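# Structural characterization, general
Here are the chains, one letter per residue:
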Amino acid sequence: MYPPLPPPAPHRDFISVTLSLGQSYDGSKSWRRRSCWRKWKQLSRLQRNVILFSLTFLMLCGFLSYISVADQWTAVDGRSAEEQKTRPADPPVLPAPQKADAHPENMQGALPQKPQRHFRRGPPNLHLRAPGKDSEDPRQGDTKRRDEAVGDAHQEESTQRTVVSWRGAVIEPQPGTELPSRKAEAPARPSSQAPRIQNPAASPNERQRAVIDAFRHAWAGYRKFAWGHDELKPVSRSFSEWFGLGLTLIDALDTMWILGLKKEFEEARKWVSKKLRFQKDVDVNLFESTIRILGGLLSAYHLSGGRALPEEDFGNRLMPAFQTPSKIPYSDVNIGTGAAHPPRWTSDSTVAEVTSIQLEFRELSRLTGSKKFQEAAEEVTRHVHSLSGKKDGLVPMFINTHSGLFTHMGVFTLGARADSYYEYLLKQWIQGGKQETQLLEDYLEAIEGIRRHLLRRSEPRKLTFVGELAHGRFSAKMDHLVCFLPGTLALGAHHGLPADHMELARALMDTCYQMNRQMETGLSPEIVHFNLYPQNDHKDVQVKPADRHNLLRPETVESLFYLYRLTGDRKYQDWGWEILQSFNTYTRVPSGGYSSISNVQDPLNPQPRDKMESFFLGETLKYLYLLFSDDPDLLSLDTYVFNTEAHPLPIWAPPREV
């Protein structure tokens, strides 16, 4: 027998691994670096050059961006020793207001909300100094009436030296005065006269007390539900943010002082001095922040007797907006980083916005002694004045910040995006002591352009209104914003401009009143269309469904104030009283505040929009209070000029002879 065979050996698999001598893979990055280097060497020379060029380009862009941001930051924070000069020793000081016995409700905390996009009107201005030599104007016939009006405005002044305007018109200045110089060591000081806010012996009348009651109701809602935030949402008892800078509070500062609400004023001023901070990463609209915040701070400074407020700091933070190729400012600027930019959808700014910041920037330079604010704003004025594309003084609505040229040519309106351009032409002339004649000439030319191209009469009541012109085609559309014009025309007539300006002001004031009167709620819609042809059962004023909202705007009561102050006709007070009653009936929210409404034609359901704009306290109620006053020295129109947000700024006194 054979012994049993041993079992077969188990099958084994083998893997062959080749290792480099003296090296091992330990999971470190060295092996991966060698792998990357091998891949790099495998690329063609062209591929490697493209990659190197791209990396170099990205590094260069990053370096240039860093330099740009650093320069803008320097522009925001850098201040020369000259800019730190003390404020004037003799600002116009107004007596403290009469103490009010208001006791607003205690404030309740609220959670912060995200900022919301906000849109509002667009405004404007112009200003220039006399050139070294005469300039020719081919439209001699069109300027004859303006030259006569300029002469009328100065016929009370004796001749000391001849002033040559930008268009060659010869106008005589006031005796003992000279044209304002942008190179002057110190800006002109305001009149040493101490203007009064209210006759100490007088107390508010019944209608003024009704305005104070409305203000307190609105303020109680803001204080309770939106304290320190931009705007009150009265229906939901919350707030909305636009800039996050306490917009309503700042806009209402001078209103509280004028109404005699000293306790509320002091509480708000304390918040400004202790809580308001501009060092924050937020974009602000240059125009809106200038007229509301800068204008509000400047006005409160003057009315309260020169109490320090942070208007210079805020002005410095707005300056980067002017850093454009054309010097036409961007619409938006970040007050924390100094980065300025146009809107997301265009590189244009609106003409109204870039030409309606001059009153505030000029006054800021006068107060601080720093000429940069005035020079930047007036550079815009000079540029806009020199542009072609106007139509008998009327300007297009848009201007490009890169080229500096008008865009969307052939469209002319006195509504949104152009309105306050015309307003600030006149008011700068008044602010500067009626010596900057180019402003006056441009204003007079524009009024003649309005008469020639935009004025029509409606049917059946023959209401005079201001329409729009688009590429030669007239539209009977009129924004409620245009109702600033009657007051502006009346103000010009008060300061010596032609008497027919007052006649036109009265006619347009009747129209603006009818825009309210013919609505079921007694409140004007945002936009109306006028009936041009006789038709049965048709009113003069027609409203489209998309236009029938009311935002608590001030323009009608603003013009009522000017017309009553300058004519003494009490019907204007009565019309304003009707509008106040309509506000109380259809917009007042029981828990505090007033709300804009969506339908002025439905008194049963006006549809509150749950928003109280800051200008309701800053403008609407202020103008109503002034309208109901019979004291012509209450913010005299010979001492103050109101900016387009109703903030009074002092008229500059003529410089004294040395």
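Computed from a predicted structure; not experimentally measured. (Residues numbered from 1 in each chain as written. Predicted model: local features only at pLDDT ≥ 70, side-chain atom pairs only at ≥ 80, totals over all residues. Heavy atoms only, no water.)

Another aspect to go through is the state of the cysteines. Enumeration over the complete set of coordinates arrives at one disulfide. One disulfide bridge connects Cys-483 with Cys-512, the sulfur atoms lying 2.1 Å from each other. Measuring handedness by torsion sign, the sulfur bridge of Cys-483 and Cys-512 sits at about -105 degrees and is left-handed. With Cys-483 in the loop between strand E16 (477–479) and helix H15 (485–494) and Cys-512 in helix H16 (residues 499–517), the pair connects residues that are 29 residues apart, well separated along the chain. (Disulfide = S-S within 2.5 Å. Helix = DSSP H or I, 4+ residues; strand = E, 2+ residues; numbered from the N terminus.)

Here we come to the UniProt feature "binding site: Ca(2+)" (unreviewed entry) in the protein. Following the UniProt record, one finds the feature "binding site: Ca(2+)" (unreviewed entry) at Thr-644. Looking at Thr-644, the relative accessible area reads 7%, which means it is buried. Side-chain polar atoms of Thr-644 contact the side chain of Glu-423, separated by 3.0 Å. (UniProt positions renumbered as here; feature names shortened; annotations may be inferred. Buried < 20%, exposed > 50% of the residue type's maximum accessible area, 1.4 Å probe, protein only. Polar contact = N/O pair within 3.5 Å; in protein donor to acceptor, adjacent residues only side chain to side chain.)

Summing up the model confidence of the protein, the mean pLDDT is 82 and the portion of residues at 70 or higher is 73%. When the criterion is pLDDT under 50, residues 72–142 qualifies, and its contacts beyond four places in sequence or with other chains add up to 225 contacts. Within the model, pLDDT remains below 50 along residues 154–194, and this stretch shows 107 contacts once partners closer than five positions in the same chain are excluded. (pLDDT = per-residue confidence, 0-100. Contact = heavy atoms within 4.5 Å.)

All right, on to the packing of aromatic side chains then. One pair of aromatic rings is described through two measures. These are the centre distance and the angle between the planes. In the structure shown here, the tally under the stated rule is 21 aromatic pairs. With centroids separated by 5.9 Å and ring planes inclined at 85 degrees, the aromatic side chains of Trp-219 and Trp-227 adopt a geometry described as edge-to-face. Owing to a relative accessible area of 16%, Trp-227 belongs among the buried residues under this scheme. Considering the side-chain rings of Tyr-594 and Phe-616, the 5.0 Å spacing of their centres and the 45 degrees angle between planes classify their relative orientation as tilted. With Tyr-594 in the loop between helix H18 (571–586) and helix H19 (614–627) and Phe-616 in helix H19, this residue pair connects regions lying 22 residues apart in the sequence. Of the residues examined, Tyr-594 reaches a relative accessible area of 0% and is grouped as buried. An aromatic cluster is defined as three or more aromatic residues linked by ring pairs; in this entry it consists of Phe-215, Trp-219, Tyr-222 and Trp-227. Geometry around Phe-474 places Arg-456 over its ring, the cationic atom sitting 4.0 Å from the centre. (Phe/Tyr/Trp six-rings, centres within 6.5 Å; stacked < 30°, edge-to-face > 60°. Lys NZ or Arg CZ within 6 Å of the ring centre and 35° of its normal.)

Looking now at the sheet that holds strand E11 (residues 411–412). An order of E11-E14-E15 is seen for the three strands of this open sheet, with the pairing classed as antiparallel. The sheet is open, and its two edges are formed by E11 and strand E15 (473–475), each paired on a single side. Pairing of strand E14 (residues 468–470) with E15 involves three bridges; the strand directions are antiparallel. Among the inter-strand pairings, Ala-470 is bridged to a residue of E15, identified as Arg-473. (Pairing = 2+ DSSP bridges.)

Our focus in this paragraph is unusual backbone geometry. A cis amide bond, omega 10 degrees, links Glu-459 with the succeeding residue Pro-460. Relative to the helices and strands, Pro-460 is located in the loop between strand E12 (455–457) and strand E13 (464–466). In this structure, Arg-237 is a non-glycine residue whose phi angle is positive, near 55 degrees. In this fold, Arg-237 is placed in the loop between strand E3 (231–233) and strand E4 (238–240).

The subject of this paragraph is the packing of helix H13 (residues 419–431) against helix H14 (residues 437–453). Axis angle and axis distance: for two packed helices, these are the angle between their axes and the distance between the axes, and together they describe the pair. Two elements in contact, H13 and H14, have axes whose closest approach is 8 Å; the angle formed by their N-to-C orientations is 145 degrees. Crossing hand, H13 versus H14: left-handed. Residues Tyr-422, Leu-425, Leu-426, Gln-428 and Trp-429 of H13 pack against Leu-439, Leu-440, Asp-442, Tyr-443 and Ala-446 of H14. Grouping the amino acids of the contact of H13 with H14 by side-chain chemistry returns eight nonpolar, one polar and one charged. (Axes fitted to C-alpha atoms, helices over the stretch in contact; angles between N-to-C directions. Left-handed = near helix turned anticlockwise from the far one by under 90°. Nonpolar A, V, L, I, M, F, W, Y, C, P; charged D, E, K, R; others polar.)

The UniProt record marks Glu-288, Asp-419, Glu-526 and Glu-555 with the feature "active site" (unreviewed entry), using the residue numbering of this structure. Relative to the helices and strands, Glu-526 is located in the loop between H16 and strand E17 (527–530). A relative accessible area of 13% places Glu-526 in the buried class. Those residues in contact with Glu-526 that lie beyond four places of it in its chain are Asp-479, His-480, Asp-547, His-549, Leu-551 and Arg-553. Under the relative-accessibility criterion, Glu-555 is labelled buried at 3%. Among the polar contacts listed, one links the side chain of Glu-555 to the side chain of His-480, at a separation of 3.4 Å.

Here the focus is the sheet that holds strand E9 (residues 398–400). Read across the sheet, three strands follow the order E8-E9-E10 without closing on themselves; strand pairing throughout is antiparallel. Each end of this open sheet is capped by a strand with a single partner; those strands are strand E8 (348–350) and strand E10 (406–407). Of the pairings in the sheet, the one linking E9 to E10 comprises two bridges and is antiparallel in character. Note on E10: the bridge partner recorded for Phe-398 is Thr-407.

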